[in-house]
Amino acid sequence: MAKLNVNKTTEAAEVLINGDPAVFTLRKPSIEEMQNYLNSQVVVTGRKMHDQTLRARCNFFDELLVEISDLEDEDGVAITTDRKDVIPPKIKARVVQQLFEENDFTVIKKN
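Small disclaimer: the values here were computed from a predicted structure and weren't measured.

Cut-offs applied
- Residues numbered from 1 in each chain as written.
- Predicted model: local features only at pLDDT ≥ 70, side-chain atom pairs only at ≥ 80, totals over all residues.
- Heavy atoms only, no water.
- Helix = DSSP H or I, 4+ residues; strand = E, 2+ residues; numbered from the N terminus.
- Buried < 20%, exposed > 50% of the residue type's maximum accessible area, 1.4 Å probe, protein only.
- Contact = heavy atoms within 4.5 Å.
- Areas by Shrake-Rupley, 256 points an atom, 1.4 Å probe, with all protein chains shown as cover.
- Phe/Tyr/Trp six-rings, centres within 6.5 Å; stacked < 30°, edge-to-face > 60°.
- pLDDT = per-residue confidence, 0-100.
- Pairing = 2+ DSSP bridges.
- Salt bridge = Lys/Arg side-chain N within 4 Å of Asp/Glu carboxyl O.

Of regular secondary structure, the protein possesses three helices and five strands. Each helix (α) and strand (β) of the protein, taken in turn from the N terminus, gives the series β-β-α-β-β-α-β-α. Here the C-alpha coordinates of the protein stretch approximately 55 × 50 × 25 Å along the principal axes. Counting across all 111 residues of the protein, residues that qualify as buried make up 27%. Intrachain contacts of the protein at a sequence separation of at least 6 include 52% that bridge at least 24 residues. Split by element, the accessible area of the protein, about 8,500 Å² in all, is 49% carbon and sulfur.

Here you go:
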């Protein structure tokens, strides 16, 4: 039988940066936060749609980040949540994509 951990309040992603692992821990978003995030990915102005996915993912990362482990800058100074602005956007976006957009389950249609 499948078990669903309903009490889990955070999600962690391990990212290899130059071969060394760093861990980013984000809190689980509320339904409203998730909906706002999804809505912010595309902006419609008049008859044009503008892809804002990268910006939306980075903002979502910044809102939900609660802890950074095993990450430092080139001078050996730890990168903490207070210094999250130095984390490259492509890392922020990939963490959000991995934790909140990719499924860790399979849906099988039953007749």
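Here we take up the packing of aromatic side chains. Given two aromatic rings, their pairing is described by the distance between the two centres and the angle made by the two planes. Within this structure, the stated rule accounts for three aromatic pairs. When the ring of Phe24 is compared with that of Phe61, the centres are 5.7 Å apart and the planes differ by 65 degrees; the resulting orientation is edge-to-face. Highlighted residues: Phe24 in strand β2 (residues 20–27) and Phe61 in helix α2 (residues 53–64), separated in sequence by 37 residues. The residues Phe24 and Phe61 share a single accessibility class, namely buried. Three or more aromatic residues joined by ring pairs make a cluster, and in this case those are Tyr37, Phe60 and Phe100.

Here the focus is the confidence of the model for the protein. Taken over all residues, the pLDDT of the protein has a mean of 91, while the share at 70 or more is 100%. Averaged pLDDT values for the elements of the protein fall to 90 in strand β3 (residues 42–45) and rise to 97 in α2.

Moving on to the environment of Pro21. For Pro21, the position within the fold is in strand β2. The exposure class of Pro21 is partly exposed, given its relative accessible area of 36%.

Both β3 and strand β4 (residues 48–51) contribute to a ladder of four bridges, which runs antiparallel. If you follow Val43 over to β4, its bridge partner there is His50. Between the antiparallel neighbours β3 and β4 lie two residues, among them Gly46 with a positive phi of about 65 degrees.

All right, on to the pattern of salt bridges then. For the coordinates displayed, the defined rule picks out six salt bridges. Linking Glu101 and Arg57 is a salt bridge whose minimum nitrogen-to-oxygen distance equals 2.7 Å. Taken together, the positions of Glu101 in helix α3 (residues 89–101) and Arg57 in helix α2 put the pair 44 residues apart, joining distant regions of the chain. Taking the relative accessible area as the measure of exposure, Glu101 reaches 27% and is therefore partly exposed. Between Arg83 and Asp73 there is a salt bridge whose closest N-O contact spans 3.0 Å. Placement of Arg83 in the loop between β5 (65–69) and α3 and of Asp73 in the loop between β5 and α3 is noted, with a sequence separation of 10 residues between them. The class for Arg83 is partly exposed, based on a relative accessible area of 24%.

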